[in-house]
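Chain residues, written in single-letter form:
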Amino acid sequence: MNNMRKFVVCSLAAALAVGAAFAKEECERKEFPVALALLPAVEWPSADYDILGLRFGLLASEHRSASLLDINLIAAFTPGEELGLQLTGFYNRIGEGAGVLQLAGLANDCRGDFTGGQVSAFYNRADGTVSGVSIGALNMADGLHGIQVGIVNRVKTLEGLQVGVVNYANEAEGLQVGVINVMRDGKYPVMPIANFGF
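Keep in mind that this is a model prediction, so the values were computed, not measured. (Residues numbered from 1 in each chain as written. Predicted model: local features only at pLDDT ≥ 70, side-chain atom pairs only at ≥ 80, totals over all residues. Heavy atoms only, no water.)

On to the side chain of Gln 162. By the element assignment, Gln 162 lies in strand 12 (residues 152-163). You can call Gln 162 buried: its relative accessible area is 0%. Within polar-contact distance, the side chain of Gln 162 engages the side chain of Gln 148 at 2.8 Å. Those residues in contact with Gln 162 that lie beyond four places of it in its chain are Leu 144, Gln 148, Asn 153, Arg 154, Val 155, Asn 167, Tyr 168, Ala 169, Leu 175, Gln 176 and Val 177. (Helix = DSSP H or I, 4+ residues; strand = E, 2+ residues; numbered from the N terminus. Buried < 20%, exposed > 50% of the residue type's maximum accessible area, 1.4 Å probe, protein only. Polar contact = N/O pair within 3.5 Å; in protein donor to acceptor, adjacent residues only side chain to side chain. Contact = heavy atoms within 4.5 Å.)

Per-residue confidence for the protein averages 89 on the pLDDT scale, and 85% of its residues sit at or above 70. No element of the protein has a lower mean pLDDT than helix 1 (residues 2-28), at 49, and none a higher one than strand 12, at 98. For the stretch residues 11-26, pLDDT sits under 50, and the model shows 0 contacts to residues farther than four places along the chain or on other chains. (pLDDT = per-residue confidence, 0-100.)

Enumeration according to the criterion identifies 8 salt bridges in this entry. Across the pair Glu 82 and Arg 55 runs a salt bridge whose closest N-O atoms are separated by 3.8 Å. Of this pair, Glu 82 sits in strand 6 (residues 75-88) while Arg 55 sits in strand 3 (residues 49-57), and the two are 27 residues apart along the sequence. The two residues Glu 82 and Arg 55 agree in class, both being buried. Residue Lys 156 pairs with Asp 142 through a salt bridge whose shortest N-O separation is 3.7 Å. (Salt bridge = Lys/Arg side-chain N within 4 Å of Asp/Glu carboxyl O.)

Written out as structure tokens, the structure reads:
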């Protein structure tokens, strides 16, 4: 009987601990449909929220994640995932992009894999693989499954098309069109006009 009582008490304690862990995780995830900001330090709701609708930053904003429509006059910072349209006058930075169109006057920066489109006047970068299109003066990514259009395009792994003055890829299954085309592992490592690897 004593063993049975210990078993029941231990089982209840374990169930309460597991339930508390799930409740804590659910409580830590804060979501809100609208966010307004002057700067990341002066915004409502605070930066630890996921925004599931409209985020508007008079100058700049920062939230854990953002979905749907993200408009900032100067800059937007999203350490987590961004979905939808991200539009700023100068700079966008996200942790991951899955189905996002980034439009910036100066630069777009993704710290992980990116799916969608990046368009800027100067610089587009992804630390992971871009599945989509990057259009800007300088485009850089670890991998590309899609298209880069710019003055300088650089990837480690190309599966797609690069169009620019200088195109560079370590490994390639695709086409480069430009003045200087470099495929380090290709049959022809450097070619003018066009280079291809399959």
